[in-house]
Amino acid sequence: HDKYSILQEEKEVKDLEVESFWITYKPLLLVAIFVAVVSATAVLNSSTPSFMLWMRYFMAGFFISFSFFKFLDLKGFANSFCMYDPLAMRIKAYGKVYPFIELSLGLLFLIAFNPIVTNLATILILGISTIGVIQSVVDKRKIQCACIGTVFNLPMSKVTIIENSIMISMALAMLIIN
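Rules and cut-offs
Residues numbered from 1 in each chain as written. Predicted model: local features only at pLDDT ≥ 70, side-chain atom pairs only at ≥ 80, totals over all residues. Heavy atoms only, no water. Core = buried A, V, L, I, M, F, W, Y, C linked by side-chain atoms within 4.5 Å. Buried < 20%, exposed > 50% of the residue type's maximum accessible area, 1.4 Å probe, protein only. Helix = DSSP H or I, 4+ residues; strand = E, 2+ residues; numbered from the N terminus. Contact = heavy atoms within 4.5 Å. Axes fitted to C-alpha atoms, helices over the stretch in contact; angles between N-to-C directions. Left-handed = near helix turned anticlockwise from the far one by under 90°. Nonpolar A, V, L, I, M, F, W, Y, C, P; charged D, E, K, R; others polar. 1 Å grid on protein atoms, 1.4 Å probe; cavity = no way out; pocket = protein on both sides within 12 Å on 5 of 7 lines; lining within 4 Å. Points joined across faces, edges and corners; volume = space filled by probe spheres on them.

K.L.:
Is there a simple way to explain the nonpolar core in this structure?
P.N.:
In globular proteins that are soluble, nonpolar side chains generally tend to be buried together. Counting 42 residues, the largest nonpolar core has Leu28, Met59 and Phe63 as its most contacted members. Breaking this core down by element, the ones donating at least two residues are α1 (2-44), α2 (51-71), α3 (74-81), α5 (92-110), α6 (115-138) and α7 (158-177). Looking at which element gives the most residues to this core, the answer is α2, with eleven residues. If we skip the residues at most four places from it in the chain, Phe63 touches Glu102, Leu103, Leu105, Gly106, Phe109, Thr122, Leu126 and Met167.

K.L.:
I keep staring at the packing of α3 against α5 and nothing clicks. Help me out?
P.N.:
The relative placement of two packed helices comes down to the angle between their axes together with the axis-to-axis distance. Look at α3 against α5: their axes get within 8 Å of each other, and the N-to-C directions meet at 115°. Remark: the crossing between α3 and α5 carries right-handed chirality. For the pair α3 and α5, contact is made by Leu74, Phe77, Ala78 and Phe81 and by Tyr94, Gly95, Lys96, Tyr98, Pro99 and Phe100, respectively. A breakdown of the residues in the contact of α3 with α5 according to their chemical character gives eight nonpolar, one polar and one charged.

K.L.:
Is there a simple way to explain the layout of surface pockets in this structure?
P.N.:
Gaps left between atoms show up when a probe the size of a water molecule is rolled over them. What the largest pocket holds in volume is close to 260 Å³. Phe21, Leu28, Leu29, Ala32, Phe58, Phe62, Phe66, Val159, Ile162, Glu163, Ile166 and Met167 together form the lining of the largest pocket. Counting only elements with at least two residues in the lining of the largest pocket, the list comes to α1, α2 and α7. Broken down by element, the lining of the largest pocket gets its largest block of residues, five residues, from α7. Along the lines of polarity and charge, the residues of the lining of the largest pocket split into eleven nonpolar, no polar and one charged.

Geometric values such as these leave the question of function open.
Here you go:
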């Protein structure tokens, strides 16, 4: 009976952790799913559907959507962002400019402006931020992730590293394949 009790408690703890994960990251996951579906719809409606086109639309939607949430509380975003982004730590104004950079990248992806420049800029900007995110996670600092602004209280975690890594990988793939 004791063995069953211990195993049952472990299962309940794991179930709560999974449920907590989905509750915590629901806003981020919903935005990503919506952007993915809208991108797929746009690609399927195009005359030349391709995975590369889907990635381009996804990157556009991702940057535009995420910049929107940052604009809702620009000052709060800048304060959170400077807690982990290496460039924002050194240059405070960068945190206030970053949502504009993100919006610009989204629009550049949307209109397919100079893919080499747009993808290189994406890799550089997200690469710098990812270094700060990794350092924060390794140091186990309990800070708010500013990825979708301060409207939602998302913790800095491996999810942020994965999110940035996917975006960097997509930008790399678009550079290499195009």
